[in-house]
Amino acid sequence: MLRNEHLQKLADIVGEDFFSSAEYMNQLYSHDISALPGIVNDLINPHAEAVAQPTTSEIVSNLLKYCKENNIQVIPRGHGTSGYGGALPTKGGLVVDMTRMNEIYDIDKGSMTIQVGAGIIWGRLIEFLEDEGLSVAAYPSSAPSCTVGGWVAAGGCGIGSTKYGGIREQVVEMEVVLPDGEIISTIKPIDEVFKDDKPEPFFKGDKKFYWESEVGSENNEESTSMFIDSNGTLGIITKVVLSIIPIRKIKPMTISFPNKEQTMGAMQAILRITRPFYLHFITDEFFGMLKELDKAPDVAGEWLVLCALEGTEEENNEFAEKITKAIAMYHGTVESEEIGHHEWDERFYPMRVKRLGPSVAPSEVYVPLERMVDFIDHCNKHFKGERMAMEGAVNHRNEVAVLTWFLDDERRRIPFMFGWYRSLDVINIGIKKGGRAYSIGMWNVAHSRQFYGKEDYTKMAKLKKRTDSKSYLNSHKVFPGPLYLSTRIGLLIMLAAAIAVLIAIMVAWWIVPSILTAYVPWVVVNDPATFLLWAIVGVGVGFAVQEFANLIPISVVLSMGTPFLRLGRKIFH
Ligand SMILES: Cc1cc2nc3c(=O)[nH]c(=O)nc-3n(C[C@H](O)[C@H](O)[C@H](O)COP(=O)(O)OP(=O)(O)OC[C@H]3O[C@@H](n4cnc5c(N)ncnc54)[C@H](O)[C@@H]3O)c2cc1C
């Protein structure tokens, strides 16, 4: 709990104008893009106590030093557009909103890099570069509202990733403020991507724009790679240097197919011909929902693929012709240019289907392209009867970032609570098919080790321990830690345990009084004082159980709870 003296000191550090502990601000910063069921809100208690909007790296450093010294929880935040719980408070504390650190510092056309403040919105950066005839190589479909630092910290793929890779492949260097307040510049030792191990079938782009891979740093703690995907657990990113590319022509093609087998087959065929800038599909059920919203184009088949080619006009036309020929055997229809452009323009609105909800339970997981048919079949069977829209975009490694939207209604508290597990189940199904979690945040913390790999995870944990042994910076994210139940849930657990003890003693009271008195001589049965004594014992046991529950990591609670939620969904849906 932040005391008045803390609030005053924090306001002094960041400046009165950029600090607030007003309740309405705290409410605003206690959510991310996902709607959470009441029970989960109770479990993690995502309530911000104050918000700071620093404007310089030095201020971030001073904030972190003070918070570490005073054991105040700190939660870094971009624009809160992620849904993995990474930007949510878990034990109150200070939310550090980075959106005021949004400068464009330097553009270097020699090395084709740009240095920006971590809080800049992608959309603004893209517009700025466009005026220079340049572009970023990939951007998320939330680009109109999310920050560069947020995408670096959450990780992932987006538009452009089929050809150029995700955010990991674009970041060259960063300035990061470590949890102990030290400001460091990260280093990215580079080599040509996939030069030795996988020269084919990966597209290498222009010579200048090879994907880059790390070849190891002498000082691992300053490796750029370590901080990407780390969800703000290892430090607050304040500046980012990104690779940039010249703008080229985009030729969007919309191709419709009759079924999933043809769709997935054709997507693989396209990748054998070229690496489009963006290769994306929607399922027939997604298409059906767009139809309901009057947003579906008039097309031949109900499985749609958007294939956006990037290059000179001649190159694009040449590949478009080859693709048109190749997809004929998959019964694909290349739709009109107008439809192609319509679908390309729609790329920023993946959440349109939410209007049918009125809520959605989203889930995202990587699945190898060649396992997609199997994955979709499995999901259809597992979630039979549910309204599920699915879309996916292929990345540079031929993994599909599959986004699943379940229509729901958060106003129906009980069914919504029981339906929440579906987001976790989709991820488990994806992993079974050879995939991996998309981003860790808080909800995927059970997959941390597999996601980062044992070696990287160990390095990250070592840095965390050295700079933040009490885990005051973004606790419960990436590294599973004790849960610390909210007071409400703690009291409920205590009450439940006390009642259980009382029921047990009542059974003993009526059924086995003689046994009890024989073996526990100080128990006097059939006496109100004894009942009172056992009630006190019950509360004591309840307290111990509650304290024990506090030590259980959220990942364990989530995996233990999933079968119950699944059963509940069957009953209440
Ligand atoms: C409509 C829509 C489309 C989307 N499309 C994509 C997509 O194409 N690809 C994709 O990968 N994701 C996508 N997302 C998810 C989300 O937008 C991205 O993860 C996004 O980049 C998060 O940025 P943000 O600024 O909102 O960060 P937040 O959501 O505020 O934070 C994300 C995580 O990063 C941490 N963080 C934020 N800023 C910093 C910082 N400066 N230093 C350290 N840690 C920090 C937070 O603590 C949190 O753990 C989409 C979301 C929506 C709603």
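Thresholds, definitions, all that
Residues numbered from 1 in each chain as written. Predicted model: local features only at pLDDT ≥ 70, side-chain atom pairs only at ≥ 80, totals over all residues. Helix = DSSP H or I, 4+ residues; strand = E, 2+ residues; numbered from the N terminus. Buried ≥ 20, exposed ≤ 12 C-beta atoms within 10 Å, placed from the backbone. Contact = placed C-beta atoms within 7 Å. Axes fitted to C-alpha atoms, helices over the stretch in contact; angles between N-to-C directions. Left-handed = near helix turned anticlockwise from the far one by under 90°. Nonpolar A, V, L, I, M, F, W, Y, C, P; charged D, E, K, R; others polar. Core = buried A, V, L, I, M, F, W, Y, C linked by C-beta atoms within 7 Å. Near = placed C-beta within 6 Å. Pairing = 2+ DSSP bridges. Expected span 1.5 Å × (residues − 1). Arc of directions from axis to C-beta.

Caption draft 1: Just the overall build of the chain, in detail. Looking only at helices and strands, one finds 22 helices and 20 strands in the chain. Across the 573 residues in the chain, those meeting the buried criterion constitute 45%. A separation of at least 24 residues holds for 76% of the contacts in the chain among residues at least 6 apart in sequence.

Caption draft 2: Looking closely at the packing of helix H10 (residues 260–273) against helix H12 (residues 313–327). Where H10 contacts H12, the two axes come as close as 10 Å, and the packing angle between them is 145°. In terms of crossing hand, the pair formed by H10 and H12 is right-handed. From H10, Ala266, Ala269, Ile270 and Ile273 reach across to H12, where they touch Phe319, Lys322, Ile323, Ala326 and Ile327. Along the lines of polarity and charge, the residues of the contact of H10 with H12 split into eight nonpolar, no polar and one charged.

Caption draft 3: Expanded view of the nonpolar core. Within the largest apolar cluster, 141 residues are counted, with the highest numbers of intra-cluster contacts made by Leu63, Val96, Val240 and Cys307. In this view, Cys307 contacts Met253, Ile255, Ile270, Pro276, Leu279 and Ile323; residues no more than four positions away in its chain are not counted. Counting residues in hydrophobic clusters, the runner-up holds six residues, among them Met494, Ala497, Ala498 and Val501.

Caption draft 4: Up close: the site of the ligand. Close to the ligand lie 36 residues, the nearest being Gly78, Gly86, Gly150, Gly156 and Gly232. For the shell around the ligand, the secondary structure elements donating two or more residues are strand S3 (74–77), helix H6 (148–154) and strand S12 (236–246). Among the elements that line the shell around the ligand, the one with the most residues is H6, at five residues. Of the residues that constitute the shell around the ligand, the class distribution is 16 nonpolar, 17 polar and three charged.

Caption draft 5: Expanded view of the pairing of strand S13 (residues 249–257). Counting buried residues along S13, seven of its nine residues qualify, which places the element largely inside the surrounding structure. Strand direction decides the pairing type here: S13 and strand S15 (residues 303–311), joined by nine bridges, are antiparallel. By the bridge assignment for S15, Lys249 is matched with Gly311. Bridging between S13 and strand S16 (residues 333–334) involves two bridges; their strand directions are antiparallel. Counted as the bridge partner of Ile255 is Val334 from S16.

Caption draft 6: Spatial organisation of unusual backbone geometry. With an omega of 15°, the peptide bond running from Gly357 to Pro358 counts as cis. Residue placement: Pro358 occurs in the loop between helix H13 (337–345) and strand S17 (359–368). The phi dihedral of Ser471 falls on the positive side, at around 50°, and the residue is not glycine. Along the polypeptide, Ser471 turns up in the loop between helix H18 (454–467) and helix H19 (487–511). On the basis of neighbour count, Ser471 is assigned to the partly exposed category, with 18 C-beta atoms found within 10 Å.

Caption draft 7: Here's a closer look at the environment of Ser469. Residue placement: Ser469 occurs in the loop between H18 and H19. On the basis of neighbour count, Ser469 is assigned to the exposed category, with 10 C-beta atoms found within 10 Å. Along the sequence, Ser469 and Pro179 sit 290 residues apart, while their C-alpha atoms lie 9.6 Å from each other.

Caption draft 8: The arrangement of the sheet that holds strand S1 (residues 19–20) in detail. Sheet architecture is open: four strands sit in the order S1-S2-S4-S3, paired in mixed fashion. In this open sheet, the two edge strands, each paired with only one partner strand, are S1 and S3. Here strand S2 (residues 50–52) pairs with strand S4 (residues 94–97) via three bridges, running parallel. Across the sheet, Ala52 pairs through a bridge with Val96, a residue of S4. Relative to the sheet, helix H1 (residues 4–14) contacts S1, S2 and S4, its axis offset from that of S2 by approximately 15°. Seen against the sheet, helix H4 (residues 57–69) touches S2, S3 and S4 and runs at an angle of roughly 165° to S4.

Caption draft 9: Region of the structure containing H12. The first and last C-alpha atoms of H12 sit 21 Å apart over 15 residues, in line with the 21 Å expected at 1.5 Å per residue. Of all the residues in H12, the buried ones are Asn316, Phe319, Ile323 and Ile327. Projected down its long axis, H12 shows its buried positions confined to an angular sector of 75°, all on one face. Structural note: H12 exposes Glu314, Glu321 and Lys325 on the side pointing more than 90 degrees away from its buried face. In the core, the buried residues of H12 are packed alongside S13, H10 and S15.

Caption draft 10: Spotlight on the pairing of S4. Across the two faces of S4 the burial is the same, with Leu94 and Val96 and Val95 and Asp97 all buried. Two strands pair when backbone bridges link them, and S3 and S4 are joined in this way by four bridges, in the parallel orientation. Looking at the pairing, Pro76 lines up with Val96 of S4.

Caption draft 11: A look at H10. Over its 14 residues, H10 extends 20 Å from the first C-alpha to the last, a length consistent with the 20 Å expected when each residue adds 1.5 Å. Three or more residues of H10 are buried, namely Thr263, Met264, Ala266, Met267 and Ile270. Looking down the long axis of H10, one finds its buried residues gathered within 160° of arc, a one-sided arrangement.

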